[in-house]
Amino acid sequence: EELAAVADVGPPPAHTRAPRLLVRGMDVHYDSVQVVFGARLEAAPGEIVALLGTNGAGKSTVLRTIAGIHRCTTGSVLLDGEDVTRWRAEQIAARGLALVPGGAATFPSLTVAEHVRLAAWTQRSHPEQVRAATERALGHFPVLRDRLGHPAGTMSGGEQQMLALAMALI
């Protein structure tokens, strides 16, 4: 019985630029149970890539493994050509890869401003970069600027998702 599978969609697309993210032959196990089988993914700079599959197919596991939350059994994850397969999650995040979880991705009691400050933790030693990234993110989601003092739990689900995306951009 197959517990989960990630579809192999054939050869990677031809790009004129090197991929920003490259996943090759990723297998992931939870204890002795294999849940991802030979996942492959490639994303060039500026490209949008979708990971599709049924419930339980391993999509979230692939994303968590790319982000360094889980470890792959075999295969590799390259970010900007550098092998980050065995890096810790915070090292990968500091290189600019962010994971936005589905569902509740914010803390209801924290304000929008507190979320924004938390989002900058990997760049805290570069205040000018943090300011610029925050301004860009709030430029994408201007409603958040009006809600900086509001607890995230008082915002609509859509606004909370905007906040989660803004945090990832920061």
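This one's a predicted model, so the numbers in the text were calculated from it and none came from an experiment. (Residues numbered from 1 in each chain as written. Predicted model: local features only at pLDDT ≥ 70, side-chain atom pairs only at ≥ 80, totals over all residues. Heavy atoms only, no water.)

A. Local environment of the pattern of salt bridges. Summed over all chains, the structure comprises seven salt bridges. One salt bridge in this structure joins Asp80 and Arg20, with 2.4 Å as the shortest N-O distance. Of this pair, Asp80 sits in the loop between strand E3 (74-79) and strand E4 (82-83) while Arg20 sits in the segment before strand E1 (21-30), placing them 60 residues apart in sequence. A relative accessible area of 42% places Asp80 in the partly exposed class. One salt bridge in this structure joins Arg88 and Glu90, with 2.7 Å as the shortest N-O distance. Look at Arg88 and you get partly exposed, because its relative accessible area is 46%. On the basis of relative accessibility, which here comes to 36%, the residue Glu90 falls in the partly exposed class. (Salt bridge = Lys/Arg side-chain N within 4 Å of Asp/Glu carboxyl O. Helix = DSSP H or I, 4+ residues; strand = E, 2+ residues; numbered from the N terminus. Buried < 20%, exposed > 50% of the residue type's maximum accessible area, 1.4 Å probe, protein only.)

B. Representation of unusual backbone geometry. Phi at Asp31 is positive, roughly 55°, even though this residue is not glycine. The residue Asp31 is located in the loop between E1 and strand E2 (33-43) in this model. Its identity as a non-glycine residue notwithstanding, Asp80 has a phi of 55°, on the positive side.

C. Local environment of the environment of Leu169. With respect to the helices, strands and loops of the structure, Leu169 is situated in helix H6 (residues 157-169). Taking the C-alpha atoms as reference, Leu169 lies 8.6 Å from Gly96; in sequence the two are 73 residues apart. Leave out the neighbours within four places in its chain, and Leu169 touches Ala137, His140 and Phe141. (Contact = heavy atoms within 4.5 Å.)

D. Structural detail: the side chain of His115. In this structure, His115 sits in helix H3 (residues 112-119). Not counting chain neighbours up to four residues away, the residues in contact with His115 comprise Thr106, Phe107, Leu110, Ala152, Leu163 and Met167.

E. Main features of a nonpolar patch on the surface. A cluster of nonpolar residues, Leu63, Ile69 and Leu99, forms a patch on the protein surface that exposes about 240 Å² of accessible area. Relative to the assigned elements, Ile69 resides in the loop between helix H1 (59-66) and E3. (Patch = residues over 30% accessible without salt bridge, like charges linked within 9 Å, V, L, I, M, F, W, Y side chains within 5 Å. Areas by Shrake-Rupley, 256 points an atom, 1.4 Å probe, with all protein chains shown as cover.)

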